[in-house]
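Descriptive analysis of the structure
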Amino acid sequence: MKDYINPDFKHMLHGGDYNPDQWLHDPTILSEDMRLMKLANCNEMTLGIFAWAALEPEEGQFNFDWMDKAMDDIHAAGGKVILATPSGARPAWMAQKYPEVLRTTEQGIKKLDGGRHNHCFTSPVYREKVAIINRKLAERYKNHPALFAWHLSNEYGGECHCELCKQAFRVWLKEKYGTLENLNFQWWNSFWSHTFTDWNQINPPSSIGESKIHGLRLDWKRFVTAQTADFIRCEYNSVKAITPNVPATTNLTKFYLGLNHREIAKEVDFISWDSYPSWEGDDGDVDVARNTAMCHDLMRSLNKRPFFLMESTPSVVNWKPINKLKRPGMHMLSSLQAVAHGSDSVQYFQWRKSRGSYEKFHGAVVDHVGHENTRVFKDVQSVGARLQKLDEIVGTLVDAQVAILYDWENIWVLDMAAAFQRDDKKIIPTVNKFYDAFWNRGIDVDLIGTQDEDFSKYKAIFAPMQYLVSEELGKKLEAYVKNGGTLLCTYMTAMVNENDLCHLGGWPGAGLRKVFGIWNEEIDTLRPDEFNTVRLTDGSTVKAIDYCELIHREGAKVLANYDSDFYSGMPALTVNNYGKGKAYYVAFRDEGAFTDKIVGEILSETNVHSAFDGDLPQNVTAHSRTDGKNIYVFVENYNRSTVEIETTHTWITVDTDEKVTGKILLEPYETLIIKK
Ligand code: GAL
């Protein structure tokens, strides 16, 4: 069973952001682009992302000639086009004529025209202008044979605090709460005399206004997501009404906290994202690899289909404090890493380096020198050649048996809590530590949300720092364990509900106290120079850092106790049999080794294994995709040296169609792609 993003073209896509509108003055460049595209083994161009000024130079005056030619040329060169809607940046005439399209900051300052992503998502004028240009594009290219997919805008993000947005926020709140009385209660506004008596008294959070009502801040973030999603829906509908069969995506940005990506994901047909890890060519690259792997898994898990790596750099970016080149071999490895985690494309920002302005030194396939005889071009060529041999993997899925909970709303509320390590609770780094345990063992994992997910498909679920647990989620987790699932939660579990009101009656709340068989009475936050020692029943010890919860046993089995301080002897790790399942509670934070160990033990207990049968040496991992019949395994070596792996199966290499078994050598940075 395969799931194709566009069944009309069953190949890995290889290409990138193409901006011919920057080169219209030089037709030789444009024809050279087509020669080079074929030479680079590229079969795709993402066209028109920031091309609004070239498409509509004056209000209502459109010029599609250059785009017609680009579409035709790419088609003639055997390529496909992902066609962008240009709403990420506006032509200058628009803000001059309609200032309402500009954003207002959280301090109420109307922004000046310029940059990009500087528009109000509520503005009816902006929405109308976007719909007009989008419909023109769709009408014009609906039957073009090169059209593969829609790329809606670019990296939606940011927020606007103008009067239009404020009003829309109030309407959204009214719909949600019905009455001010209800809103005041859910936001706990009796605190500090914050009770509202008129909807118009409510403003978005601001550093010069209200910033302490956490319910308001949480709802504002939800509103920003909802408003952005609504804007995306307008964009989506404007093109899909004309081209219903052309899939649409928008390029996401992994951990970006301004939007709940799970909601944004519902507005598009497939997921794509932009990945710019800092590969530095040293030992730190293994952490970069793990973190990037987690991002790929997070993005794939948004809808559990194949996704696209919409942007990456073939060599270097320009916006980091230090912009280091990718070392030889890393471009191939990092590109195949995306495919290993479920991507059906490798795409770049950008095709040809701009001659001027902000991104002129950002890596691109074609450098300022203008020809193919560059290291980077050859790297791209090799990736393209390898992707051409992976047709049979296109459309295959990742079938993970375990999951980590990753919930944007949980991160928002816990981040804003005035408590614990107030300014940095290290939520994402904690998730990273759990993720690393899977990566180190070559085990596929999904990063799932709390709402629209079927928990029962997973043998074990890991939920680090799941502080926000609604009654509904509490019931869902309870049912999961009762029916045989294994759940691991940590310190800070289920402290607040969906409105950021504390659960009363003891933590973990939302009915989870009985599931874990414990009561968490208090949390001790340690200074960076402090630690406690946790002693496990086998006599081994673990250093507990940052957080130690004072928990009481209420039926659970104690697996470890604190060894010092006034809570010495209290439980630090417990497990509870509940229904047919098991619930582990880790009451402290460790430096990582213990997290790795406990995850490893739960994986053995639940019989979850890597798709690769042999032991994986350090810094080598394996990930798999499947069509239901064949399993495709990517074994990735992040060592800068050759390593040996061993298998008892007989595998077939996907790109060279050879049998491999027994001892296999992996070159530095090599990815072996095998199937069985
Ligand atoms: C992305 C953006 C691209 C380009 C790139 C540079 O965030 O979508 O347009 O600016 O960064 O790394």
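The present account deals with the structure reproduced in this document. This is a predicted model, so every value here is computed, not measured.

What counts, and where the lines are drawn
- Residues numbered from 1 in each chain as written.
- Predicted model: local features only at pLDDT ≥ 70, side-chain atom pairs only at ≥ 80, totals over all residues.
- Heavy atoms only, no water.
- Helix = DSSP H or I, 4+ residues; strand = E, 2+ residues; numbered from the N terminus.
- Pairing = 2+ DSSP bridges.
- Axes fitted to C-alpha atoms, helices over the stretch in contact; angles between N-to-C directions.
- Near = heavy atom within 4 Å.
- Polar contact = N/O pair within 3.5 Å; in protein donor to acceptor, adjacent residues only side chain to side chain.
- Areas by Shrake-Rupley, 256 points an atom, 1.4 Å probe, with all protein chains shown as cover.
- Nonpolar A, V, L, I, M, F, W, Y, C, P; charged D, E, K, R; others polar.
- Buried < 20%, exposed > 50% of the residue type's maximum accessible area, 1.4 Å probe, protein only.
- Phe/Tyr/Trp six-rings, centres within 6.5 Å; stacked < 30°, edge-to-face > 60°.
- Lys NZ or Arg CZ within 6 Å of the ring centre and 35° of its normal.

Here's the deal with unusual backbone geometry
For the bond running from Phe 349 to Gln 350, omega is -10°, close enough to zero to count as cis. Cis rather than trans, the peptide bond between Trp 507 and Pro 508 has omega equal to -10°. Considering the arrangement of structural elements, one finds Pro 508 in the loop between β13 (486-490) and α16 (512-516). A positive phi angle, close to 60°, is found at Lys 426, a residue other than glycine. Tracing the backbone through its elements, the reader meets Lys 426 in the loop between α13 (408-416) and α14 (427-441).

Things to note about the sheet that holds strand β21 (residues 620-626)
Reading across from one edge, β21-β22-β25-β23-β24 is the order of the 5 strands in this open sheet, with antiparallel pairing throughout. Of all strands in the sheet, those bounded by a partner on one side alone are β21 and β24 (659-666). With strand direction ignored, the average angle separating the axes of adjacent strands in the sheet is 25°. Sheet topology places strand β23 (residues 643-653) next to β24; 7 bridges connect them, and they run antiparallel. Bridged to Ile 652 within β24 is Lys 659.

Let's talk about the site of the ligand
Close to the ligand lie Phe 50, Arg 116, Asn 154, Glu 155, Asn 251, Asp 274, Tyr 276, Glu 311, Trp 319, Phe 349, Glu 359 and His 362. At 3.1 Å from an oxygen atom of the ligand is found a side-chain nitrogen or oxygen belonging to Asn 154. One nitrogen or oxygen atom from the side chain of Glu 311 is found 2.8 Å from an oxygen atom belonging to the ligand. Burial of the ligand by the surrounding chains reaches 93%, relative to a free accessible area of 310 Å². Residue composition of the shell around the ligand, grouped by class: 4 nonpolar, 3 polar and 5 charged.

What to know about the pairing of strand β11 (residues 445-448)
Taking every second residue as pointing to the same face, both faces of β11 are buried, with Val 445 and Leu 447 on one and Asp 446 and Ile 448 on the other. Judged from the 4 bridges that link them, strand β10 (residues 402-405) and β11 form a sheet pairing that is parallel. Bridge pairing links Leu 405 to Ile 448 in β11.

Notes on the packing of aromatic side chains
Evaluated as defined, the whole model comprises 34 aromatic pairs. With centroids separated by 6.2 Å and ring planes inclined at 55°, the aromatic side chains of Phe 121 and Tyr 156 adopt a geometry described as tilted. Residue Phe 121 is found in the loop between α4 (92-97) and α5 (124-141), and its partner Tyr 156 is found in the loop between β4 (147-151) and α6 (163-177); the two are separated by 35 residues along the sequence. Take Phe 121 and Tyr 156: they sit in the same class, and that class is buried. Each ring, one from Phe 612 and one from Trp 651, has its centre 6.1 Å from the other, and the planes form 25°; the classification is stacked. On the criterion of sequence distance, the pair formed by Phe 612 in the loop between α17 (593-605) and β21 and Trp 651 in strand β23 is long-range, its members being 39 residues apart. Each member of the pair, Phe 612 together with Trp 651, is buried. Here the aromatic cluster, defined as three or more aromatic residues joined through ring pairs, consists of Trp 52, Phe 121, Tyr 126, Tyr 156 and Phe 231. Over the aromatic face of Phe 455 sits the side chain of Lys 476, whose NZ or CZ is 4.4 Å from the ring centroid. Across from the ring centre of Phe 531, 4.8 Å away, lies the NZ or CZ of Lys 543, which sits over that ring.

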